[in-house]
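Structural overview
Single-letter residue listing:
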Amino acid sequence: MNFEFFIARRIIASKDYKSSISAPIIKIAITAIALGIIMMLVSIATSVGLQKKIREKVSAFNGDIIITNFDTNFSNDSQNPISKNQNFYPKFKTIDGIKHVQVTASKGGVIRTENDFEGVVVKGVGDDYDWAYFKDFLVRGKLPDFKGDLNSDILISEYLAKRLHLKLGDKVTTFFLNDEVSKTPRSRGFDIVGIYNSGFQQFDEQFVITDIRHIQRLNKWEPDQIGAFEVFVNDFDDIVPIGNEVYNETGSTLDTQTIRNKFASIFEWIDLFDFNVAMIIGIMILVAGINMITALLVLILERTQMIGILKALGSSDWSIRKVFLYNAMYLIGVGLFWGNVIGIGLMLIQKYGKVFKLNPDTYYVNEAPVYLHWDYILILNAGTFLLCLLMLLIPSFIIAKISPVKAIRFD
């Protein structure tokens, strides 16, 4: 059996150890590590969760990469059509990392009811549209189906439904400006089949979704003419290099823009989360390390006579240091265990219970989202354990300066 580990285990199991002067200090050190790991787990889970949720919501309405015609108008209104007959549609075969390509077209309009009206962006989508995100957003009704003949189905946001006092099954009349301003606006009647709530009010207050063929008819386009291509990537972290490749592949007549560029202010804001999380992790590890150093120093002073006896019996300084480092590893492990139990428990409560709400006007989500994955939990625990242990190597050098004769007489 390992001699140092045997001594450390006996110290930990002894009753005197649990009722000694160092006991409250040790409890404080364990509590500091537990609180530190709770703070770090919660900050990473909520930060990554919020980043992912915001990215998903921006992607849901725009795609990861948008391919449009070159023009000087950066509004949501599709003005200059693009031919759907492109080499990269329906699949980008020349670029790796692209998951899906879909066609869309948008047109500004006004929904009018008997008592109110609201300006909207009517987004037309086709039979290739990926409804995965909107399945999560749907609160009532069903998603439209545009795979068959042209129909009047429309998906409207809960925000607009409340403002205009609309409900499922209602017929809404939407007016669109004519190309010639002098002419009477054209109108289309739509049937509300579904109501969604993305929690991203910037989009919820604008977008209603219908069949792209309505937009093509309103703009007098051919069936193969669309407003934009929306490209989705497998890994959002690769969006910039993939966006550059897409730009080079699409030719000189088309413009390519990633949502990181189109919504730069939003992504600059969520990128700040990484710095904040790094600061929290650094501070928590430093606090936990300082508390462990204090606890180890108290343990060494409390066991000065034992150190003198072990030295007198021939134990090396490194051997005695290992006894206390084993002891410290146990304390760090206890702190990490309780920190993980409480931290992961809190995150599971938030993930499934949605206890903590957020203001969607500020954070673009209704509740604090949580991202749970074993990779960062294990890395965080291993990093905290190793860094705290490395910090404890410094105070353990005090053992080398303890004289056996003075230590045995120490009282």
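Note that the structure is predicted; figures quoted are calculated from it, not measured.

Further remarks concern the overall build of the chain. Helix and strand content of the chain: 15 helices and twelve strands. For 411 residues, the compact-globule estimate of 2.2 N^0.38 gives 22 Å, and the chain exceeds it by more than 25% at 31 Å. For the C-alpha atoms alone, the extent of the chain along its principal axes is close to 105 × 45 × 35 Å. For the chain, the proportion of its 411 residues judged to be buried stands at 47%. A separation of at least 24 residues holds for 78% of the contacts in the chain among residues at least 6 apart in sequence. Averaging the locations of the 42 positively and 43 negatively charged side chains of the chain gives two centres separated by 10 Å.

Let's shift gears to the packing of aromatic side chains. Counting across every chain of the model gives 22 aromatic pairs. Consider the rings of Phe88 and Phe92, whose centres lie 5.0 Å apart with planes at 10°: the pair is stacked. A relative accessible area of 5% means that Phe88 is categorised as buried. Between Phe88 and Phe229, the aromatic rings sit 4.9 Å apart at their centres with planes inclined by 80°, giving edge-to-face as the arrangement. Here Phe229 lies in strand E11 (residues 228-233) and Phe88 lies in the loop between strand E2 (82-83) and strand E3 (98-112), a separation of 141 residues in the sequence. Feature note: the residues Phe61, Tyr129, Trp131, Phe134, Phe137, Phe146, Tyr196, Phe200, Phe203, Phe207 and Phe263 constitute an aromatic cluster, connected by ring pairs.

Tracing the sequence through the fold places Asp153 in strand E6 (residues 153-157). Of the side chains with opposite charge, Lys142 comes closest to the buried, unpaired Asp153, at an N-O distance of 5.1 Å. In this structure, Asp153 is in contact with Pro144, Asp145, Phe146, Asp191, Val193, Ile209, Thr210 and Asp211, ignoring residues within four places of it in sequence.

On to the packing of helix H10 (residues 264-302) against helix H14 (residues 374-396). At their nearest, the axes of H10 and H14 sit 9 Å apart, and the two run at 40° to each other. The angle between H10 and H14 places the two elements in the oblique class. Of the two elements, H10 crosses H14, and the hand of that crossing is right-handed. Of the residues in H14, those touching H10 at Ile281, Ile285, Leu286, Ala288, Gly289, Ile290, Met292, Ile293, Leu296, Leu297 and Ile300 are Leu380, Thr384, Leu387, Cys388, Met391, Leu392, Pro395 and Ser396. Looking at the contact of H10 with H14, its residues break down into 16 nonpolar, three polar and no charged.

Moving on to the pattern of salt bridges. Considering all chains together, one arrives at seven salt bridges under this definition. When the shortest N-O distance is used, the salt bridge between Arg140 and Glu158 registers 3.5 Å. Residue Arg140 is located in strand E5 (residues 138-141), and its partner Glu158 is located in helix H5 (residues 158-164); the two are separated by 18 residues in the primary sequence. A residue is classified by how much of its surface remains accessible, and Arg140, at 37% relative accessible area, is partly exposed. For Glu158, a relative accessible area of 14% translates into the label buried. In this structure, the salt-bridge partner of Lys171 is Asp191, at a minimum N-O distance of 3.4 Å. Highlighted residues: Lys171 in strand E7 (residues 171-176) and Asp191 in strand E8 (residues 186-196), separated in sequence by 20 residues. By relative accessible area, Lys171 is classed as exposed at 56%. The class of Asp191 is partly exposed, set by a relative accessible area of 23%.

Rules of the game
- Residues numbered from 1 in each chain as written.
- Predicted model: local features only at pLDDT ≥ 70, side-chain atom pairs only at ≥ 80, totals over all residues.
- Heavy atoms only, no water.
- Helix = DSSP H or I, 4+ residues; strand = E, 2+ residues; numbered from the N terminus.
- Rg over C-alpha atoms; globule rule 2.2 N^0.38 Å.
- Buried < 20%, exposed > 50% of the residue type's maximum accessible area, 1.4 Å probe, protein only.
- Contact = heavy atoms within 4.5 Å.
- Lys, Arg positive; Asp, Glu negative; His and termini not counted.
- Charge placed at Lys NZ, Arg CZ, Asp CG, Glu CD.
- Phe/Tyr/Trp six-rings, centres within 6.5 Å; stacked < 30°, edge-to-face > 60°.
- Salt bridge = Lys/Arg side-chain N within 4 Å of Asp/Glu carboxyl O.
- Axes fitted to C-alpha atoms, helices over the stretch in contact; angles between N-to-C directions.
- Parallel < 35°, antiparallel > 145°, perpendicular 65-115°, else oblique.
- Left-handed = near helix turned anticlockwise from the far one by under 90°.
- Nonpolar A, V, L, I, M, F, W, Y, C, P; charged D, E, K, R; others polar.

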